[in-house]
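Residues per chain are reported as follows:
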Amino acid sequence: MDDKGKVLTLLLAAVLSLVCIVVGLLLLFFSCGSTQTEVLTVTGIELSAEGPLFSGSNTAQGICRAEMDAWLKTMGKTSADVREVRLTRAQMYVPDTTNFDGLASVTLMFASDNIDMQTMGALNPIPAGQHRIDIPVAHSQQQIKWFVVQPAFSVVLDADLKADSDASLGLKADLEFSLLMHQ
Amino acid sequence: MRTLLLLFCCFFSIALHAQAEADKLLGLWEPSNGKARVKVEKIGAKYFGKIVWLREPNDPQTNQPKVDKNNPDESLRNTPLKGYRILKDFVYSGKGEWTDGVIYDPENGSTYSCVIKMKDDNTLDIRGYIGVKALGRTDVWKRMQVTGK
């Protein structure tokens, strides 16, 4: 094969590769289809750590039952229609007679026997005089769908106590999830 | 009927024994460098360890309590190191070994696969590795006796 032939073959290969890439991208684009975003809120999750508690890190735990299947059913969807889930808001609150002043910081995690624990956010320090705090949520979130589709998973709050306390720690959490769904 | 009851009792006692073996990991442990103490606790059926004491609790640069400044997720870099869970998701697999977990090194922000082997009631071999277990590093942790507060 002369030089001209070689150049032509290379050019043909390059054009074919380009066509393959374009076709692949088009297939990917059309297979994804259109999506919609829904918001699922789970309120009043009770978290507790039994006293006496010592200064430093203490763990409060609660169970989140998102009941996503039932919620999706009302929209004629199933969990298979859910492409991605993200925690978008995590709010903790205590009764109005108390506040978060006894705590220096909190770290929020999700845990389950079937899925690896994930840190969902942290607030450090906690502003003074608050009955209700918003925990900034983590940018990096993986597998959240698999927590939420389960009948229940553990919500774990590591709370850094400023001083020893004979009382138990009791608080509530509201969680807001954003669900990206196939239409 | 009596045989069934006997069988049930046998299974029950075996299960109780296995549970007691698994829970031997619970408690307070100190890595060989003595820089921190880690409390292992159980959530659901899995074991997790968090830093509860630091030899140098404050960052010498800021003179503030140390935070997880090397976390790959920028949004979590303000998380306090004291209370940080560095051992996660360990499952007891028998014969004094806990597997399927990970260990986090706050000094470089890396997470490694990890196996914990109990050498005796007060000594752990903590082996962190990437990919292949043979290519890793083992650290020896000692149990700390908790004095009543």
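About the criteria used
Here, residues in each chain are numbered from 1, in the same order as that chain's written sequence. Think of it this way: whatever chain is written first is A, whatever ligand is written first is 1, and the rest follow in order. Given that the model is predicted, a residue must reach a pLDDT of at least 70 before its local features are reported, and side-chain atom pairs must reach 80 or more before they are shown or counted; all residues, however, enter totals for whole chains, interfaces and linings. Secondary structure is summarised from DSSP: a helix means a run of H or I of at least four residues, a strand means a run of E of at least two, and numbering begins at the N terminus for each. Put plainly, a residue is buried at 20 or more neighbouring C-beta atoms within 10 Å of its own, exposed at 12 or fewer, and partly exposed in between, counting only other residues' C-beta atoms, which are placed from the backbone. Note on contacts: each residue gets a C-beta atom placed from the backbone, and two residues are in contact if those atoms are within 7 Å. Each residue carries a pLDDT score, the predictor's own confidence in it, on a scale running from 0 to 100. When DSSP finds two or more bridges between a pair of strands, those strands are recorded as paired.

Assigned secondary structure in chain B consists of one helix and eight strands. Reading the secondary structure of chain B in the N-to-C direction produces α-β-β-β-β-β-β-β-β. When burial is assessed residue by residue, chain B has 26% of its 149 residues classed as buried. Restricting the contact set of chain B to residue pairs at least 6 apart, pairs at least 24 apart contribute 33%.

Residues with a pLDDT of 70 or more make up 87% of chain B, whose mean pLDDT is 91. Among the prediction metrics, the complex's ipTM stands at 0.85, with pTM recorded as 0.84.

All names here are of chain B. Here strand S6 (residues 110-120) runs beside strand S7 (residues 123-129); their pairing, made up of seven bridges, is antiparallel. Bridge pairing links methionine 118 to leucine 124 in S7. With seven bridges joining them, S7 and strand S8 (residues 136-144) adopt antiparallel strand pairing. Within S8, the residue paired with isoleucine 126 across the bridge is aspartate 139. Turn length for the S7-S8 hairpin, with the two strands adjacent in sequence and antiparallel, is six residues, and the turn residue glycine 131 shows positive phi of about 75 degrees.

Residue placement: Asp134(A) occurs in strand S6 (residues 132-134). When neighbours within four sequence positions are excluded, Asp134(A) is seen to be in contact with Arg89(A) and Gln91(A).

Right, let's talk about the pairing of strand S4 (residues 85-92) of chain B for a bit. Residues and elements named next belong to chain B. With seven of eight residues buried, S4 lies mostly within the body of the structure. Strand direction decides the pairing type here: strand S3 (residues 46-54) and S4, joined by three bridges, are antiparallel. For tyrosine 47, the partnering residue across the bridge sits in S4 and is phenylalanine 90. Pairing of S4 with strand S5 (residues 97-105), which is carried by four bridges, proceeds in the antiparallel orientation. Bridging from a neighbouring strand, lysine 88 pairs with valine 102 of S5. What sits between the antiparallel neighbours S4 and S5 is a turn of four residues, in which glycine 94 has the positive phi angle 95 degrees.

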